[in-house]
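The primary structure of each chain is shown beneath.
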Amino acid sequence: MSPRLRHLTTLENLPRATIERLLDRAEALRDACAHGTRKLDVLTGRTVLNLFFEPSTRTRTSFELAARRLGADVINFDIGFSSTSKGEELFDTLHTLEAMHLDAIIVRHKHSGTPDELVHHAMSGVSVINAGDGNRAHPTQGLLDALTIRQHRPDFENLTVVICGDIRHSRVARSDVHALSTLGVKEIRLSGPASLMPEPEEFPHVVHVDDFDEAIRGADAVIMLRLQKERMASTDLPDEAAYFSRYGLDQRRLALAAKGCLVMHPGPINRGIEIASDVADGAQSRILEQVGNGVFVRMAVLNEVLAR
Ligand code: NCD
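Notes on the structure in this doc start here. For clarity, every value in this text was computed on a predicted model and none was experimentally measured.

**With respect to the pairing of strand S1 (residues 47-52)**
Every other side chain in a regular strand lies on the same face of the sheet, so the side chains alternate between the two faces. The element S1 is largely enclosed, with a buried count of 6 among its 6 residues. Of the two faces of S1, the one carrying Thr47, Leu49 and Leu51 and the one carrying Val48, Asn50 and Phe52 are both buried. Across 5 bridges, S1 lies against strand S3 (residues 104-109) in parallel orientation. Bridge pairing in S3 places Asn50 opposite Ile106.

This is the structure we're talking about:
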């Protein structure tokens with residue numbers, strides 16, 4: 001058995017068995033909740049801190065819900081758009097909050113690497129879970145995307161998955177690639193404008209296809225990404241109408257994919273920029289299922305790092 005995780009900062013190099021254990025547990029928790037268990041008590045007496053230095057809707061609320069459903073107490077510490085930066089201020093904040101006796105810190109920060117810095121500076125016994133750091137990793141999103149695909153298509157060895165859009169700035173894309181390649185997805189294709197693609201050497205085993213029409217052909221799942229303007233210089237901003245015509249997912253393009261292709265997006269979605277409204281709300285959209293799975297995946301991760 002792969003060892004129990006104390007922290008979760010990235011999916012990179014996580015053993016397949018660990019990822020599968022977390023997905024299996026998320027499914028078991030979903031079943032337990034479906035059968036009427038409103039609140040489990042595995043984390044009673046534990047305190048979880050949501051420490052968000054960047055805005056969040058889905059991730060923060062679902063971590064909060066996940067912790068509460070497992071019986072933990074939750075403190076929310078939203079720094080939002082404040083200019084609090086790395087360094088002493090962050091660690092002062094950490095130690096101040098730790099003095100209140102925490103068991104886990106869920107952190108989101110614009111700087112890649114902040115969760116690992118917290119792992120090094122946090123008091124022993126405090127678990128750190130990454131809720132998104134810069135463009136580096138968003139491990140629970142990678143897990144919930146893998147779970148959503150697995151529920152429909154467990155035959156990963158036959159699947160082609162396309163990730164389209166602003167991949168360069170996307171921590172979701174990175175965690176998705178790590179999860180899906182570890183789980184044995186046959187082919188992962190990345191598509192987007194050259195200026196928004198990662199360096200080819202970052203993912204040597206992943207196919208880069210500039211033309212989205214070509215990339216989506218025969219795909220079993222397509223994950224659309226938002227233009228992450230907050231991580232771009234204003235000169236890099238593509239014209240939105242031109243972007244939609246080349247990289248937007250509309251019905252015509254979806255028809256090029258395999259029958260029943262799963263349409264996914266981590267949210268927040270920008271209708272008419274990276275995805276047409278009728279596709280986002282259409283029969284093949286799994287976007288709200290992703291949101292629902294987020295709660296169970298986060299319960300599974302909290303249970304992994306905190307259960308006694
Ligand atoms: C993503 C994020 O914050 O990285 N959102 C999310 O967690 N659901 C993607 C994004 O902001 O575009």
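**Here's the deal with the nonpolar core**
Counting residues in hydrophobic clusters, the biggest one holds 60 residues, and the most contacted among them are Leu143, Ile149, Ile163, Leu190, Met299 and Leu302. No other element matches the 9 residues that helix H11 (residues 287-306) contributes to this core. When we break this core down by domain, the ones giving at least three residues each are domain 1 (16-137 + 294-306) and domain 2 (139-290).

**Topic: the environment of Asn293**
With respect to the helices and strands, the residue Asn293 is situated in helix H11. Accessibility expressed as a relative area gives 4% for Asn293, which makes it buried. Placed 227 residues apart in sequence, Asn293 and Ala66 show a C-alpha to C-alpha distance of 11 Å. Contacts of Asn293, omitting those with residues within four sequence positions, involve Arg30, Leu144, Leu147, Thr148 and Gln151. Engagement of the side chain of Asn293 in a polar contact is seen with the side chain of Thr148, the distance being 2.9 Å.

**Some thoughts on the site of the ligand**
Residues in contact with the ligand, as listed here, are Arg58, Thr59, Arg108, His138, Gln141, Arg171, Val172, Arg226, Gln228, Pro266, Gly267 and Pro268. A distance of 2.7 Å separates an oxygen atom of the ligand from a polar atom in the side chain of His138. Note that a nitrogen atom of the ligand is positioned 3.0 Å from one of the backbone N or O atoms of Gly267. Taken by itself the ligand offers 320 Å² of open surface, and the protein chains cover 95% of this. Listed by contribution, the elements that provide at least two residues to the shell around the ligand are helix H2 (58-69) and helix H6 (171-182). Looking at the shell around the ligand, you find at least three residues from each of domain 1 (16-137 + 294-306) and domain 2 (139-290).

**Some remarks on the pattern of salt bridges**
Oppositely charged side chains may form a pair once their charged atoms are brought near each other. As enumerated under the stated definition, the model contains 24 salt bridges in all. Across the pair Arg286 and Glu289 runs a salt bridge, and its minimum N-O distance is 3.2 Å. A residue is classified by how much of its surface remains accessible, and Arg286, at 16% relative accessible area, is buried.

**Re unusual backbone geometry**
For the bond running from Gly267 to Pro268, omega is -5°, close enough to zero to count as cis. Note on placement: Pro268 falls in the loop between strand S9 (262-264) and helix H10 (277-280). Even without glycine at this site, Asn13 takes up a positive phi of about 70°. Positionally, Asn13 belongs in the segment before helix H1 (16-34). One non-glycine residue, His101, lies in the positive phi region at around 65°. Its location among the elements puts His101 in the loop between helix H3 (88-98) and S3. Judged by its relative accessible area of 62%, His101 falls in the exposed class.

**Considerations on the sheet that holds strand S6 (residues 187-191)**
Read across the sheet, 5 strands follow the order S7-S6-S5-S8-S9 without closing on themselves; strand pairing throughout is parallel. Both edges of this open sheet fall to strand S7 (207-208) and S9, since each of them pairs with a single strand only. Pairing of strand S8 (residues 221-224) with S9 involves 3 bridges; the strand directions are parallel. Each bridged residue has a counterpart across the sheet, and for Ala221 the counterpart in S9 is Leu262. Helix H5 (residues 139-152) contacts strand S5 (160-164), S8 and S9 of the sheet and is inclined by roughly 165° relative to S9.

Thresholds applied
- Residues numbered from 1 in each chain as written.
- Predicted model: local features only at pLDDT ≥ 70, side-chain atom pairs only at ≥ 80, totals over all residues.
- Heavy atoms only, no water.
- Buried < 20%, exposed > 50% of the residue type's maximum accessible area, 1.4 Å probe, protein only.
- Helix = DSSP H or I, 4+ residues; strand = E, 2+ residues; numbered from the N terminus.
- Pairing = 2+ DSSP bridges.
- Core = buried A, V, L, I, M, F, W, Y, C linked by side-chain atoms within 4.5 Å.
- Domains from an automatic or database assignment.
- Contact = heavy atoms within 4.5 Å.
- Polar contact = N/O pair within 3.5 Å; in protein donor to acceptor, adjacent residues only side chain to side chain.
- Near = heavy atom within 4 Å.
- Areas by Shrake-Rupley, 256 points an atom, 1.4 Å probe, with all protein chains shown as cover.
- Salt bridge = Lys/Arg side-chain N within 4 Å of Asp/Glu carboxyl O.
- Axes fitted to C-alpha atoms, helices over the stretch in contact; angles between N-to-C directions.

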